[in-house]
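For reference, the chains in residue letters:
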Amino acid sequence: MNQERSYNQTLGGMKTKTINRTKYLNICWMCGKPYESYKYDTYACSPRCAQNILYARKQGFNPPAKMEQLTKEKNVKDVKERFGYV
Ligand SMILES: [Zn+2]
């Protein structure tokens, strides 16, 4: 996905530059919901889920979503189709 980003150059004035951003399809570790993010290293679909994961980890629990199960080929395929990756 291309996005235009404007930035102010100290001497050259305003410049517009087109940047490439890669979207990643992730699965939330908290609720198991698939979501898209510009970061590949995120684990939560929302700040709320991120909080819950953080809390669970502090308590010594692993994230509740069964990641091995959720990321099995057939499940991933369904998710990919839903987001138009296939
Ligand atoms: Zn979530």
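About the cut-offs
Each chain carries its own residue numbering, running from 1 in the written order of its sequence. For this predicted model, a pLDDT threshold of at least 70 governs which residues receive local features, and a threshold of 80 or more governs which side-chain atom pairs are given and counted, while totals over whole chains, interfaces and linings are taken from all residues. Side-chain numbers come from the whole structure's heavy atoms, not from hydrogens or water. Under the scheme used here, helices are H or I runs from DSSP no shorter than 4 residues and strands are E runs no shorter than 2 residues, and both carry numbers assigned from the N terminus. Two residues qualify as a contact provided that any one of their heavy atoms is within 4.5 Å of a heavy atom in the partner residue. The Shrake-Rupley method, run with a 1.4 Å probe sphere, supplies the accessible areas, and residue values consider only the shown protein chains as cover. The donor set comprises N, O and S atoms within 2.8 Å of the metal, extended to 3.2 Å for Na, K and Ca; water molecules are omitted, so apparent gaps in a site may simply reflect that omission. Within this document, salt bridges are pairs made up of a side-chain nitrogen of Lys or Arg and a carboxyl oxygen of Asp or Glu, the two lying within 4 Å of each other. Here a polar contact is taken to be a pair of N or O atoms separated by no more than 3.5 Å, where protein atoms must pair a possible hydrogen donor with a possible acceptor and residues adjacent in sequence count only if both atoms sit in side chains. Only buried residues count toward a nonpolar core. Its members are Ala, Val, Leu, Ile, Met, Phe, Trp, Tyr and Cys residues joined through side-chain atoms within 4.5 Å. Relative accessibility thresholds used throughout: buried, under 20% of the residue-type maximum; exposed, over 50%; partly exposed, between the two (1.4 Å probe, protein chains only). Only the six-membered ring of Trp is used, alongside the rings of Phe and Tyr, when aromatic pairs are assigned; centres must lie within 6.5 Å, and planes under 30 degrees apart are stacked while those over 60 apart are edge-to-face, with the rest tilted. Paired strands are those between which DSSP finds at least two bridges.

Colleague: Mind showing me how you'd approach the overall build of the chain here?
Modeller: When its secondary structure is counted, the chain shows three helices and four strands. Beginning at the N terminus, the succession of helices and strands in the chain can be written as β-β-β-β-α-α-α. Within the chain, residue pairs in contact and separated by at least 24 positions form 27% of the contacts whose partners lie at least 6 positions apart. If you sum the accessible surface of the chain, you get close to 7100 Å²; carbon and sulfur atoms cover 49% of it.

Colleague: Looking at this model, I keep getting lost on the coordination of the zinc ion. Mind explaining?
Modeller: A four-donor tetrahedral metal ideally has 109.5 degree angles, and a six-donor octahedral metal ideally has angles of 90 or 180 degrees. Coordination sphere of the zinc ion, protein contribution only: C28 (SG), C31 (SG), C45 (SG) and C49 (SG), at 2.3 to 2.4 Å. Along the chain, the residues donating to the zinc ion are arranged with the sequence spacing C-x2-C-x13-C-x3-C. Here C45 lies in the loop between β4 (34-37) and α1 (47-58) and C31 lies in the loop between β3 (24-27) and β4, a separation of 14 residues in the sequence.

Colleague: So what exactly am I meant to see when it comes to the pattern of salt bridges here?
Modeller: Charged atoms that come close allow side chains of opposite charge to pair. Taken as a whole and judged by the stated rule, the model has one salt bridge. Ionic pairing is found between K23 and E36, a salt bridge with its closest N-O pair at 3.5 Å. Residue K23 is found in the loop between β2 (13-20) and β3, and its partner E36 is found in strand β4; the two are separated by 13 residues along the sequence.

Colleague: Explanation requested: the side chain of N26 in the structure shown.
Modeller: One can find N26 in strand β3. A polar side-chain atom of N26 sits 3.2 Å from the main-chain carbonyl oxygen of K39. For N26, the residues in contact, after removing those within four places along its chain, are K33, P34, Y35, S37, K39, Y40 and T42.

Colleague: Help me out: how do you make sense of the nonpolar core in this one?
Modeller: Most often, soluble globular proteins keep nonpolar side chains buried together rather than apart. In this structure, C28, Y35, A44, C49 and I53 together form the largest nonpolar core, which totals five residues. Those residues within four positions of C49 in sequence are excluded, and the remaining contacts are C28, M30, C31 and A44.

Colleague: When you look at the packing of aromatic side chains in this model, what are you seeing that I'm missing?
Modeller: Aromatic ring pairs: the centre-centre distance and the angle between the two ring planes describe each pair. What the rule picks out here adds up to one aromatic pair. Arranged with centres 4.6 Å apart and planes meeting at 50°, the rings of W29 and Y43 form a pair that is tilted. Of this pair, W29 sits in the loop between β3 and β4 while Y43 sits in the loop between β4 and α1, and the two are 14 residues apart along the sequence.

Colleague: Help me understand the pairing of β4 in this model?
Modeller: If a strand is regular, its side chains alternate between the two faces of the sheet. As paired strands, β3 and β4 are joined by four bridges and run antiparallel to one another. Counted as the bridge partner of Y24 is S37 from β4. Here β3 folds back onto β4, and the loop between the two strands holds six residues, one of which, G32, carries a positive phi near 80°.

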